Amino acid sequence: MASDAASQVTVGALSAIFDETKPQVREPIVQCVQIKALPPQPNHPDRYRAVFSDIANYVQTMLATQANHVSFQSNSVKGKKILIILDLEVLKELGEADKIGEPKPLEVKGEEEEANQPTTISSNGFYGSKMEGAQAQAASRAQPTRPSAAASAHATIYPIEAISPYSNKWTMKARCTSKSNIKTWHNKNGEGKLFSVNLLDDSGEIRATGFNDQCDALYDLFQEGSVYYISSPCRVQIAKKQFTNLNNDYELTFERDTLVEKAEEQNDVPQIRFNFTTVADLQTVEKDTTTDVIGVLKDVGETSQIVSKSTGKPYDKRELTLVDNTGFSVRLTIWGATANNFGVAPESIVAFKGVKVSDFGGRSLSLLSSGSMTVDPDIGEAHRLRGWYDAQGRSENFTSHASLSNATNSSTKTDKFKTVAQVREEQLGMSEQPDYFSLKATVIYIKQDSTWCYPACPSENCNKKVTELDPGQWRCEMCDKTYPKPEYRFIMPISVSDHTGQLWLSCFDDTGRKIMGTSADELMQLSENDPVACGEVFQNANCQTWSFRCRAKIDNFGEQQRVRYQVSSSQAINYSEEASRLANIINSYSIE
């Protein structure tokens, strides 16, 4: 089938589109080798990005939302060539494995200095994470650049964000920000070992893993904090999100001929990349999630010691208090040598990467052994916090998560009841800071596909996603253990409605248990043994009215934005309290 389709493809058409000196083809025939939906945007039609191949070359494209008398047009975004598809016709559908030929990245002839330099058509400007300052400028340069003569035998250096399964020969220059211990496994199919590293450059991060022989060859070479040239061949595959928190759709597996070389120049690659959660937003983050946080060091406690109930070993700890410009404070615990040697002055700006969120005392944080701490980092978030704190933050009063967890009613300023219409009319979540509100609404639809739960680690205090290596072999990367089965947890999108409109809410496990009346683990077993009965559970959960406490926050997907509504807690309707609330609303109106 693929060979028959190959005869129809217009070889060389993509190169001609970007080179006016070549004969043009009005309606070229190409193969779509990859397609991905862009995040939806309210009141806008669906949009897609795709990779098109003419066998000789491939190029990333945007599928426009409108039809036009012209089928396509070349475009330039931030100095890069992008193909905009305005109209197309599907001639034949092939299987996922039927990629025709081995297309190369499209070479675009520009100015003389670029004449012999391949250019990867990148995603920047259309999708990807939002960055600021120098990071954004660096990420916008998706074209590969030449390495030094000592770097590698390959001709180009690719940014991490440009590497995909359709990249051919490439060399990246990246910093090793994290290296795992060597992990071993034993099962009925044999035994083996592996290690993983997180790699960082100006454009993004990616995880890479070495198995068995590659583990032996490369483990000692990689050192945390050092910069390396890494050259293909290296397998690029869809990322296993249960093993990493990095914002990348792909991950790497080192192969026998993968070339890894320590770079002579170590200072032209960033040291670390953060994905911060504000202190206020911690109350809507699910327990045991790992995140990054930055704040002003408000208070430093004394070192103390606790004894682990499970191991009987003593551990040194120190508790810190962080505040930020959201008006909230949080307790953060550091451990071991970090606690004993802590000498950071109060009122310093401190960024923590890799802290675990606990629900002890509302919300609290704990710095993981794999985490890190940076004092007064030279980043935009730190500079803004310093300006705020010096101007007004020093004299502010802060709300602790512990005191917030003791609130039993909706009298706090962040917990006012709203209707769905008010949520939309007041544009809650559209400002720079998140908005909090309560909502009385009825569940009208729950998605019954694979998105309502995930397989989690069954060990205590670890809810990380696990992956099935073999039947009866579920591995947790965080615990470095294998379990015979997972414990499923809810992560449900639900549609709710009141008398003014409809809203989609995202729910975590606690809310899911209340709405469904059972655990996700029990419901998953029911779905496997009796799908009809499982469907009835979903059906019975509909048309039930709840009081939801929600957080509205805008999410950025490249140049697109949308508001996400997350449920932090839910309660069944207390009809006595609800009647009093409605009576107070009625009494607030002046009736002549």
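Residues numbered from 1 in each chain as written. Predicted model: local features only at pLDDT ≥ 70, side-chain atom pairs only at ≥ 80, totals over all residues. Heavy atoms only, no water.

## A closer look at the overall build of the chain
Reasoning step 1: What the chain contains, in helices and strands, is 12 helices and 31 strands.
Reasoning step 2: Burial statistics for the chain: of 592 residues in total, 46% are counted as buried.
Reasoning step 3: In the chain, of all internal contacts separated by at least 6 residues, the share reaching a separation of at least 24 is 61%.
Reasoning step 4: Summed over its atoms, the accessible surface of the chain is roughly 31,000 Å², and 47% of this surface lies on carbon and sulfur atoms. (Helix = DSSP H or I, 4+ residues; strand = E, 2+ residues; numbered from the N terminus. Buried < 20%, exposed > 50% of the residue type's maximum accessible area, 1.4 Å probe, protein only. Contact = heavy atoms within 4.5 Å. Areas by Shrake-Rupley, 256 points an atom, 1.4 Å probe, with all protein chains shown as cover.)

## Topic: the side chain of Thr-333
Reasoning step 1: Summarising the element assignment, Thr-333 is placed in strand β17 (residues 328–335).
Reasoning step 2: Look at Thr-333 and you get buried, because its relative accessible area is 9%.
Reasoning step 3: Not counting residues within four places of it along the chain, the set of residues in contact with Thr-333 comprises Lys-317, Arg-318, Glu-319, Leu-365, Ser-366 and Leu-367.

## Comments concerning the packing of aromatic side chains
Reasoning step 1: In total, this model carries 12 aromatic pairs according to the counting rule given.
Reasoning step 2: Residues Phe-274 and Phe-276 carry aromatic rings whose centres are separated by 4.7 Å and whose planes lie at 15° to one another, so their mutual orientation is stacked.
Reasoning step 3: Site record: aromatic cluster; members linked through ring pairs are Phe-195, Tyr-219, Phe-222, Tyr-228 and Phe-254.
Reasoning step 4: Lying over the aromatic face of Tyr-219, Lys-179 brings its terminal NZ or CZ to 3.9 Å of the ring centre.
Reasoning step 5: A cation over a ring is seen here: Arg-581 above Phe-417, with NZ or CZ 4.1 Å from the ring centre. (Phe/Tyr/Trp six-rings, centres within 6.5 Å; stacked < 30°, edge-to-face > 60°. Lys NZ or Arg CZ within 6 Å of the ring centre and 35° of its normal.)

## Focus on the nonpolar core
Reasoning step 1: Among the nonpolar cores identified, the biggest contains 40 residues, and Ile-494, Met-516 and Phe-548 are the most heavily contacted of them.
Reasoning step 2: Of all the elements, strand β22 (residues 435–446) adds the most residues to this core, at five residues.
Reasoning step 3: Setting aside its immediate chain neighbours within four residues, Met-516 contacts Ile-446, Phe-490, Met-492, Leu-523, Val-537, Phe-538 and Ala-541.
Reasoning step 4: By size, the runner-up hydrophobic cluster in this structure holds 25 residues, among which are Ile-160, Leu-218, Tyr-228 and Val-260. (Core = buried A, V, L, I, M, F, W, Y, C linked by side-chain atoms within 4.5 Å.)

## Some thoughts on helix α12 (residues 575–587)
Reasoning step 1: Helix length check: α12, at 13 residues, gives a terminal C-alpha distance of 18 Å against a target of 18 Å (1.5 Å per residue), a fit within 8%.
Reasoning step 2: The opening residue of α12, the one whose side-chain oxygen lies 3.2 Å from the backbone nitrogen of Ser-576, is Asn-574. (Expected span 1.5 Å × (residues − 1). Polar contact = N/O pair within 3.5 Å; in protein donor to acceptor, adjacent residues only side chain to side chain.)

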